[in-house]
Amino acid sequence: MFINKLRILNFRNILDKDFKFEKKVNIFYGENGVGKTSILEAINYISSGKSFRKGNYKDFINYESNDFTIYLGYNKDDLENSISVRKDKKGQWKAKKNNTNISQQSTLTESLPVISIDPEVYRLVDSSPQYRRSFIDWLVFHVKHDYLLLWKKTHKCIKQLNTLYKLRGNTNEIETWEQMLVSCTEKLNQVRNHYFLQISPIITNIVREILPGLDGIVLIYKRGWTEGLSFIQQLEKDREKNLKYGQLLNGPHKMDIKITINHTDASKVLSRGQKKMLSIVFYLSYLKVLEFNQIFPILCLDDFDAEIDENKLQTTSEYFKSYQSQIFITSVHKEKIVKAFPNADLFHVKHS
Ligand SMILES: Nc1ncnc2c1ncn2[C@@H]1O[C@H](COP(=O)(O)OP(=O)(O)OP(=O)(O)O)[C@@H](O)[C@H]1O
Ligand SMILES: [Mg+2]
């Protein structure tokens, strides 16, 4: 997969910018606030319908405009494709792929997988389980597109149960939804665990290669309920508590990956730079799993060199370069980033 054209209209501070890409690695450099991250955000938006930053689509629309539009041309399996997406202030979303209307975001996500690594990536190690859960969920989704349906069905059951618990609803109804949730959870847990088992040894191997101080790392898959209990048993055990608190306390929505270094919680002992590096290793491994499955997403690396020393930047860049994926990078430090990615095409972004 290779993006060769990009045009961005009225997106953040970008009124109208046109790019042609010929190389695997592309670097956007320039002063603070010129719109480098916004370019990656636009690419990312096409794929995910979201930003990797805080805020929602209304924040994307240029202050002076009522909508934004992004056009993108890409080559996949030697075929030229085009995507356009427009979103207005009222929330109306219009998308086309190869001039045919698209009705669902997931069609674009499948067509153009994008992985974005931003300066907040360290949160994968540092913050709540939600980050690690979504890491595994996206990984599964990128490989098995029908996972989204299962994921949505599971969350619909949880939402329904939360309402019923809160209202102390009809017992038969609760049991019916619990049974549906059990059936979804079994499948969801199996597929999550399968991909965790694929990615986990890759992560520990890369850590050993590039982060020698962290080689005591252990990753444990936590499915979201007590070890030794089936999910049905857990639901029975929790029934009173679920009703008391008006929500499902244990289940697939609590899945996590426990990360320890020499038996201690990694978030408590690692420096911020180490957390960032470890999180990047998670993504390097993610890309490896996708490559095994013949999926070559576009990579967006925002402010990639921030907080990484030159040696580590060099080693990680070697990994990224060894993958087939096309890469878009932003940086304020032109020399530092070009040293790590010497064959890149450079785009100087300036205030318009
Ligand atoms: N909806 C909007 N309309 C107009 N301008 C906006 C909008 N949202 C954000 N901006 C401005 O767009 C500019 C571009 O921000 P962006 O984060 O892309 O810059 P950057 O080049 O990545 O900067 P840095 O080097 O600090 O990361 C900022 O000056 C920001 O204030
Ligand atoms: Mg930026």
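Since we're looking at a predicted model, the values are computed, not measured.

In terms of regular secondary structure, the protein chain is built from twelve helices and 14 strands. In terms of overall dimensions, the protein chain has a C-alpha envelope of 60 × 50 × 35 Å along the principal axes. Taking all 352 residues of the protein chain together, the buried fraction comes to 37%. Taking all contacts inside the protein chain whose residues are at least 6 apart in sequence as the whole, residues at least 24 apart take part in 74%.

As summarised here, the arrangement of the five strands in space is β8-β12-β13-β3-β14, forming an open sheet in which the pairing is parallel. The open sheet has two edge strands with one neighbour each: β8 (114-117) and β14 (345-348). Across this sheet, the average inter-strand angle for adjacent strands is 15°, counted without regard to direction. Sheet analysis places β8 next to strand β12 (residues 298-301), joined by four bridges and oriented parallel.

An α-helix turns once every 3.6 residues. As a result, residues three or four positions apart point the same way. Helix length check: helix α1 (residues 36-48) (13 residues) gives 19 Å between terminal C-alpha atoms against 18 Å at 1.5 Å per residue, within 8%. Buried residues dominate α1, accounting for twelve of its 13 residues. Within the sequence span of α1, burial applies to Lys36, Thr37, Ser38, Ile39, Leu40, Glu41, Ala42, Ile43, Asn44, Tyr45, Ile46 and Ser47. Immediately downstream of α1, the backbone of Gly49 shows phi near 75°, a positive value.

Our next topic: the site of ligand 1. Near ligand 1 there are 16 residues, and of these Asn13, Asn32, Gly33, Thr37 and Ser38 occur at the shortest range. Ranked by residues supplied to the shell around ligand 1, first place goes to α1 with three residues. Within the shell around ligand 1, the residues separate by chemical class into four nonpolar, eight polar and four charged.

Moving on: the pairing of strand β4 (residues 67-76). Relative to β4, strand β1 (residues 2-11) runs antiparallel, the two being bridged by seven bridges. Paired with Phe2 across the two strands is Asn75, which belongs to β4. Here ten bridges tie β4 to strand β5 (residues 79-88), and the two strands are oriented antiparallel to one another. Bridge pairing in β5 links Lys76 to Leu79. Hairpin connection of β4 to β5: two residues between the antiparallel strands, including Asp77 at a positive phi of 50°.

Time to look at the sheet that holds β5. Read from one edge of the open sheet, six strands run β2-β1-β4-β5-β6-β7, paired in antiparallel fashion. The strands lining the two open edges of the sheet, one partner per strand, are β2 (14-20) and β7 (100-102). Between one strand and the next, the sheet's axes are offset by a mean angle of 15°, whatever the strand orientation. Most of the contacts of α1 go to β1, to which it runs at about 105°, and overall it touches β1, β2, β4 and β5.

We now examine the packing of helix α7 (residues 171-210) against helix α10 (residues 272-292). For the pair α7 and α10, interaxial distance at closest approach is 9 Å and the crossing angle is 125°. Regarding the angle of α7 to α10, the classification is oblique. Between α7 and α10 lies a crossing whose hand is right-handed. Taking contact as the criterion, the partners of Tyr195, Gln198, Ile199, Ile202, Ile203, Ile206 and Val207 in α7 are, on α10, Leu278, Val281, Phe282, Leu284, Ser285, Tyr286, Lys288 and Val289. Looking at the contact of α7 with α10 residue by residue, the class counts come to twelve nonpolar, two polar and one charged.

Glancing now at the environment of Thr37. Relative to the assigned elements, Thr37 resides in helix α1. For Thr37 and Asp118, which are 81 residues apart along the polypeptide, the C-alpha to C-alpha distance reads 9.0 Å. Non-local contacts of Thr37, meaning those with residues more than four positions away in its chain, are made with Asp302 and Thr330.

In terms of domain boundaries, the protein chain breaks down into domain 1 (2-113 + 296-348) and domain 2 (130-199 + 223-253). For domain 1 and domain 2, the distance between their C-alpha centroids amounts to 34 Å.

About the cut-offs
- Residues numbered from 1 in each chain as written.
- Chains lettered and ligands numbered in written order.
- Predicted model: local features only at pLDDT ≥ 70, side-chain atom pairs only at ≥ 80, totals over all residues.
- Helix = DSSP H or I, 4+ residues; strand = E, 2+ residues; numbered from the N terminus.
- Buried ≥ 20, exposed ≤ 12 C-beta atoms within 10 Å, placed from the backbone.
- Contact = placed C-beta atoms within 7 Å.
- Pairing = 2+ DSSP bridges.
- Axes fitted to C-alpha atoms, helices over the stretch in contact; angles between N-to-C directions.
- Expected span 1.5 Å × (residues − 1).
- Near = placed C-beta within 6 Å.
- Nonpolar A, V, L, I, M, F, W, Y, C, P; charged D, E, K, R; others polar.
- Parallel < 35°, antiparallel > 145°, perpendicular 65-115°, else oblique.
- Left-handed = near helix turned anticlockwise from the far one by under 90°.
- Domains from an automatic or database assignment.

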